[in-house]
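# Understanding the architecture of this molecule
Chain by chain, the residues run as shown.
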Amino acid sequence: MSTTTLAEVDVDPSETAARGKGAKFAWISGFRSPKTIVGIVIVVFFALVAIFGPLLVTTDPSAVSFNVLLPPSAKHLLGTTHTGQDIFAQMVVGARISMLVGFVAAVLATLLSLIIGLAAGYLGGIPDELLSLVSNIFLVIPTLPLVVILAGALPSTGSLSITIVISITAWAWGARVLRAQTLSLRKRDFVEAARATGESTFRIIFREILPNQTAIVAATFLSTVIGAILTQASLAFLGLTDVTEWSWGGILYWAQNSSALSFGAWWWFVPPGLCIALLGTALSLINFGIDEFINPRLRLAGIATKKGAKKALTRLQAPKQPIRGPRRQARRTGGLGSFTRGDVILEVKNLTVDYTSASAPVHAVDDVSLTLRRGQVLGIAGESGSGKSTLAYAITRLHRPPAEITGGELIYTNRDGSTVDILKLTDRELTDFRWEELSIVFQSAMNALNPILRVGAQIEDAIAAHRPDMDAQGRSDRVRELMGLVGISIDRVSAYPHELSGGMRQRVMIAIALALDPEIIVMDEPTTALDVVIQRQIVEKIMELKDRLGFSVIFITHDLSMLIELSDEIAIMYAGRIVEVGSAQEFYRNPKHPYSQGLLGSFPTLSGPKKVLTGIVGAPPDLRSLPSGCPFRTRCPHAFDACATIEPVLLPLPTVEVPSANELRSVSCHLYDPELTRVPALAEGVAK
Amino acid sequence: MKAFLRRGLFYLITAWAAITLNFLLPRLIPGDPVSRMLARFHGQLGPNAVFALRKLFGQTSDNIWVQYVDYWNRLFHGDFGVSFTSYPTPVTTIIGQGLPWTLGLIGVCTVLSFVIGTALGALVGWKRGTWVDSFIPVTTFLTSIPYFWFGLIVVYIFALQLHWFPLSGGYTPGIQPGWSPEFVGSVVQHAILPSLAIIVSSIGYWLLGMRNMMITTLSEDYVLLAQAKGLSKRRVLTTYAGRNALLPSLAGFALSLGFIVGGSIITEVVFNYPGIGYALFQAVQGQDYPLMQGIFFIITIAVLAANLVADFLYVILDPRTRQEA
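Residues numbered from 1 in each chain as written. Chains lettered and ligands numbered in written order. Predicted model: local features only at pLDDT ≥ 70, side-chain atom pairs only at ≥ 80, totals over all residues.

### Points about the overall build of chain B
For chain B, the count of helices and strands is 12 helices and zero strands. Mapped in sequence order, the helices and strands of chain B form the string α-α-α-α-α-α-α-α-α-α-α-α. Each of the three principal axes of chain B carries a C-alpha extent, and together these read 80 × 60 × 40 Å. Here the analysis covers contacts within chain B between residues at least 6 apart in sequence; of these, 74% occur between residues at least 24 apart. (Helix = DSSP H or I, 4+ residues; strand = E, 2+ residues; numbered from the N terminus. Contact = placed C-beta atoms within 7 Å.)

### Re the overall build of chain A
Within chain A, the regular secondary structure consists of 28 helices and 12 strands. Scored against the burial criterion, the 688 residues of chain A give a buried share of 46%. When contacts within chain A are restricted to residue pairs at least 6 apart in sequence, those whose partners lie at least 24 apart make up 68%. (Buried ≥ 20, exposed ≤ 12 C-beta atoms within 10 Å, placed from the backbone.)

### Here's the deal with the pairing of strand 4 (residues 403-413) of chain A
All names here are of chain A. When strand 1 (residues 344-355) meets strand 4, the two strands line up antiparallel, connected through eight bridges. Along strand 4, the bridge assignment pairs K349 with E409. Pairing of strand 4 with strand 5 (residues 419-421), which is carried by three bridges, proceeds in the antiparallel orientation. Within strand 5, the residue paired with I411 across the bridge is D421. (Pairing = 2+ DSSP bridges.)

### Observations regarding helix 5 (residues 125-140) of chain A
Compared with an ideal rise of 1.5 Å per residue, which puts 16 residues at 22 Å, helix 5 of chain A spans 22 Å between its outermost C-alpha atoms and is within 8% of the ideal. In this fold, the buried residues of helix 5 of chain A make contact with helix 4 (87-123), helix 7 (159-170) and helix 8 (172-186) of chain A together with helix 1 (2-28), helix 10 (233-271) and helix 12 (289-317) of chain B. (Expected span 1.5 Å × (residues − 1).)

### Regarding the interface of chain A and chain B
Between chain A and chain B, the contact holds 66 residues from the first and 71 residues from the second. Elements with a contribution of two residues or more to the side of chain A that touches chain B: helix 5, helix 6 (143-153), helix 11 (214-238), helix 14 (266-294), helix 15 (296-301), helix 18 (427-433), helix 19 (445-448) and helix 20 (455-466) of chain A. For the side of chain A that touches chain B, the residue count by class is 42 nonpolar, 20 polar and four charged. (Nonpolar A, V, L, I, M, F, W, Y, C, P; charged D, E, K, R; others polar.)

### Structural notes on the sheet that holds strand 7 (residues 520-524) of chain A
Residues and elements named next belong to chain A. Spatially, 6-7-8-3-9-10-12-11 is the arrangement adopted by the eight strands of the open sheet, whose pairing is mixed. Edge positions in the sheet fall to strand 6 (438-441) and strand 11 (651-652), since each has one partner strand and no second. In the sheet, strand 7 pairs with strand 8 (residues 552-557) via five bridges, with the strands oriented parallel. Within strand 8, the residue paired with V522 across the bridge is I554. Across the sheet, helix 22 (residues 502-514) lies against strand 6 and strand 7, angled at about 170 degrees from strand 6, the strand it touches most. (Axes fitted to C-alpha atoms, helices over the stretch in contact; angles between N-to-C directions.)

### So, the sheet that holds strand 4 of chain A
Residues and elements named next belong to chain A. In space, the four strands of this open sheet follow the order 2-1-4-5, with antiparallel pairing throughout. Looking along the sheet, the strands with just one partner apiece sit at the ends: strand 2 (362-373) and strand 5. In this sheet, adjacent strand axes meet at a mean angle of 5 degrees when their direction is disregarded. As defined by bridge partners, strand 1 adjoins strand 2 across eight bridges and the pair is classed as antiparallel. Bridging from a neighbouring strand, V348 pairs with L370 of strand 2. Where helix 17 (residues 388-395) meets the sheet, its contacts fall on strand 1, strand 2 and strand 4, and the angle it forms with strand 2 comes to roughly 65 degrees.

### Details of unusual backbone geometry
Residues and elements named next belong to chain A. The phi torsion at R397 lies on the positive side, around 55 degrees, for a residue other than glycine. For R397, the position within the fold is in the loop between helix 17 and strand 4. The exposure class assigned to R397 is partly exposed, which follows from the 19 C-beta atoms found within 10 Å. Notably, A575 is not glycine yet its phi reads approximately 50 degrees, a positive angle. Mapped onto the fold, A575 is located in the loop between strand 9 (569-574) and strand 10 (577-583). We classify A575 as buried; it has 23 C-beta atoms within 10 Å.

### Here's the deal with the confidence of the model for chain B
All names here are of chain B. Put simply, chain B has an average pLDDT of 84, and 96% of its residues get 70 or more. When pLDDT is averaged over each element of chain B, helix 9 (residues 221-228) comes out on top at 91 and helix 2 (residues 33-40) at the bottom at 72. Confidence metrics for the complex model read pTM 0.81 and ipTM 0.86. (pLDDT = per-residue confidence, 0-100.)

### Quick look at helix 12 (residues 248-257) of chain A
The buried fraction of helix 12 of chain A amounts to nine of the 10 residues, a majority that puts the element mostly inside the structure. Burial in helix 12 of chain A covers these residues: W248(A), G249(A), G250(A), I251(A), L252(A), Y253(A), W254(A), A255(A) and Q256(A). Among the structural elements, helix 4, helix 11, helix 13 (260-263) and helix 14 of chain A together with helix 7 (147-161) of chain B are those in contact with the buried residues of helix 12 of chain A. Within two residues after helix 12 of chain A, S259(A) carries a phi angle of roughly 55 degrees, on the positive side.

### Structural notes on the packing of helix 4 of chain A against helix 11 of chain A
Residue and element names in this part refer to chain A. Orientation of helix 4 relative to helix 11, taken along the N-to-C sense of each, is 135 degrees, at an axis distance of 8 Å. Considering their axes alone, helix 4 and helix 11 lie oblique with respect to each other. Seen along the crossing, helix 4 lies across helix 11 with a hand that is right-handed. Facing helix 4, whose interface residues are S98, V101, G102, F103, A105, A106, A109, T110, S113 and L114, helix 11 presents V217, T220, F221, T224, V225, A228, I229 and Q232. Split by residue class, the contact of helix 4 with helix 11 holds 11 nonpolar, seven polar and no charged. (Parallel < 35°, antiparallel > 145°, perpendicular 65-115°, else oblique. Left-handed = near helix turned anticlockwise from the far one by under 90°.)

### A look at the nonpolar core
Counting 259 residues, the largest nonpolar core has I554(A) and I295(B) as the members making the most contacts within it. Leaving out residues up to four positions away in the same chain, I554(A) has contacts with L372(A), L378(A), I380(A), A392(A), I395(A), I520(A), V522(A) and M523(A). (Core = buried A, V, L, I, M, F, W, Y, C linked by C-beta atoms within 7 Å.)

### Overview of the environment of I40(A)
Within the secondary structure, I40(A) is located in helix 3 (residues 34-56). For the pair I40(A) and S369(A), spaced 329 residues apart in sequence, the C-alpha to C-alpha distance is 50 Å.

### Here's the deal with the packing of helix 5 (residues 91-126) of chain B against helix 12 of chain B
Residue and element names in this part refer to chain B. Two elements in contact, helix 5 and helix 12, have axes separated by 10 Å at closest approach and are oriented at 50 degrees. Taken as axis vectors, helix 5 and helix 12 run oblique relative to one another. Crossing hand, helix 5 versus helix 12: right-handed. Along the contact surface, helix 5 presents V91, I94, I95 and L99, while helix 12 presents P290, L291, G294, I295 and I298. Taken together, the residues of the contact of helix 5 with helix 12 break down into eight nonpolar, one polar and no charged.

### Some points on the confidence of the model for chain A
All names here are of chain A. With 82% of its residues at a pLDDT of 70 or more, chain A has an overall mean of 79. Across chain A, the element-wise mean pLDDT spans from 29 in helix 1 (residues 3-11) up to 92 in strand 6. Between residues 317-342, whose pLDDT stays under 50, and residues either more than four places distant or in other chains, the model counts 25 contacts. When the criterion is pLDDT under 50, residues 680-688 qualifies, and its contacts beyond four places in sequence or with other chains add up to seven contacts.

### Considering the environment of E569(A)
Residues and elements named next belong to chain A. With respect to the helices, strands and loops of the structure, E569 is situated in strand 9. Placed 308 residues apart in sequence, E569 and L261 show a C-alpha to C-alpha distance of 81 Å. In contact with E569, other than residues within four places in its own chain, are Q376, L378, V581, S583 and A584.

### Regarding the environment of S247(A)
All names here are of chain A. Relative to the helices and strands, S247 resides in the loop between helix 11 and helix 12. Overall, the presence of 30 C-beta atoms within 10 Å leaves S247 in the buried class. In the structure, S247 is positioned 102 residues away from P145 in sequence and 21 Å away in space, judged by C-alpha atoms. Residues within four places of S247 in sequence aside, it is in contact with G94, I97, S98, Q232 and A236.

See the structure below:
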């Protein structure tokens, strides 16, 4: 089961789709951001000036006159030099050399980076060692002095020589980045596949690897242009280029050598630097667009505002508007409410979580209601992308943008019977509440532990944050106690996460979750990353601790067999909704929803009779374009006409008598709706 | 330890490559550079200097290996030849005079701009999505500024127009150099403008890098867990997000040092600062090849040493690198 799919859905649904299409040039879409457009406009402007400007300027930039050191005027837009040369003409003509050297040097350097980066990354082994060594040497050696001695050694200081010298010293960074990228691409499936089918190395590099690096190549190229223009300016300023050839750096050289400063002739030295900086800024702005494509986290940064979260919370206070089209109204009064018993500790009521970054909001968790009882385990199962992890994060209010809670309640019952809606807690109250009453164990302990902090300290700081009065000795004792509880030897307290095995790290996570003796622990696939033997140890540990300490657990996994074994009650999620709820035993004996039947039919039992493994046809649905009516109908073997038109809602099964709350079942399926028996043959077929 | 030895070996190889480049470059110059130079200095150079010059450009009867060994031999004896422009001052003397100034100015400024830029970058990354994001276009602009040009601007504004600071030089002429308060005060006063130019134009580089790393780190699970645990913002920002985001920044610092230092030393030219950047400028102007070589050598060694320090810090900050095999 791919946990990465889930993670991607959790980050941004549109991201997966964009990548999924194999859109190798999708990064160009980054050019739509206003920042990038400003950048492009400026670069195009300077490019036009460089190309056509010298043809349009009638004044000879080198022509001397008696109008010396004139400040800017209508006749001399940027004033004149100490020999009466027109600075505006110099700027326009100089744009050509500055940009030409910058861009040509960057093209050459990027080509070098590509050759060396691709070769090193693809060939690996000794060629890689050698090429990496050479590029690292070029990176570490101070560029400018190197260019200076190179340029000093040249017989000619024309623009071409300078361009070549700059490109020789500017390729190393790009080569390093491209090497790393090639290394990671080389291990991808499509490259492995191409190699297995016997494609030539040349073809693999140019057909499979290179097209996937266009974004990075473009980013490297643009930053090299900036570097090259700056280097050219420095060299010209030092007098290492042919300063009779006008360039922006050359103008600065003459300004410096003619004491423009002491004449106070600001109009002489301000424009060249300003143009260089503007052009550099514009190129960087374009690069921001590309960067945000390469690293989507940067793009989300803009949305990750407190404002967004506040907005969502205030919306919760407002009366809820119906979001979608026709949906069956729950006719039986109480609905899930009839589940409640005196020992309810957490009630999730109509919780809805949306992803707001896409053009239309996507309901990752859609109107979910669940009940957790004291000392029990509520299991939630579903495929990747069903919204189960999003639900776990939402319950702890740890969901991250673009996820947003747009509706519902999270009613927590204190020991004294008073209740509180977790969604209505202020930030301060939430900080106090969380971990004290409700904690969470993340999926991957490796990612959830701070790699540079000793594990003992990571348990201890949770205690210190909530128990400011406890002294160091008390905290240390508690850390030791916790480590004993989860079965880690005390001497590992000063170990770093990387020094522990996967199972040990997950134990540390559980110790952290237990630190303040919470009432509820949400466990989001706590064993997924572990091997089967360790999984069992961890699950047994959790169950042992639960019985000993009496906390309640919301256990989320895709491993239905494990879930049935350890849960009291099970909820099945599909496309962000709960499609079936019931006691684990009842559910296992007699799954009602066709999706649950499919899930149970997709793994073998160890003890039961032999059966044909069926599985579920098709793939999890795209949340942005769910089918009308029941979201499962396109994969459902029993779908009938009503399924396409009416959205089913979770309803208690009418056929079950009500001896105890634990045996109550709810299903979201038209097959069990007595009012929708228009095609009875199918429904009976399921019952058999 | 193994990783450390590997790095050490890498620096040795890099130093060797730079030194060998220094040896080879003059020999690759086409034509007869020695005659060209002798013509330019018409007769000012003594026979010893002419001999040294021929040696430098490989115009001796020895084969290239003998020359190479001889080159290393002179290097180990601290013999970088004689400067043409300040003939007959040895190159080492000129470098010796300039180095303390450059180490003081460029060294302090580079470290300061890294520290300030990284700290600001961490804050801007932390407060992403708020008004602080408007810093980004400004810092982008600052990173695209040629260092020396910004030097011209600050001189124009603060020295020429406002007369707040001295125009140029490293200290007021006439004061006896030494540890007198008068001299130190004068040095500090003269260093403020160049420092401002260097720090302002290099700070954005670190700020933007750290901001991006910070944003990437903030979406790590361990930061989320730290917030969930109810830790103070300060602890999440420093111990969880900041320290982890700093690691790549520090690695980047080591690699970018060569670029930054190269840019900064030119700033000395604008201020006529008595460091080796200004000496390099004068060497270029006078085509003083031995001096250029000597300066390139010393800057490379300084950058490598700084890299070593950065590596050492990295090892202190990241326990994963300390793992014994």
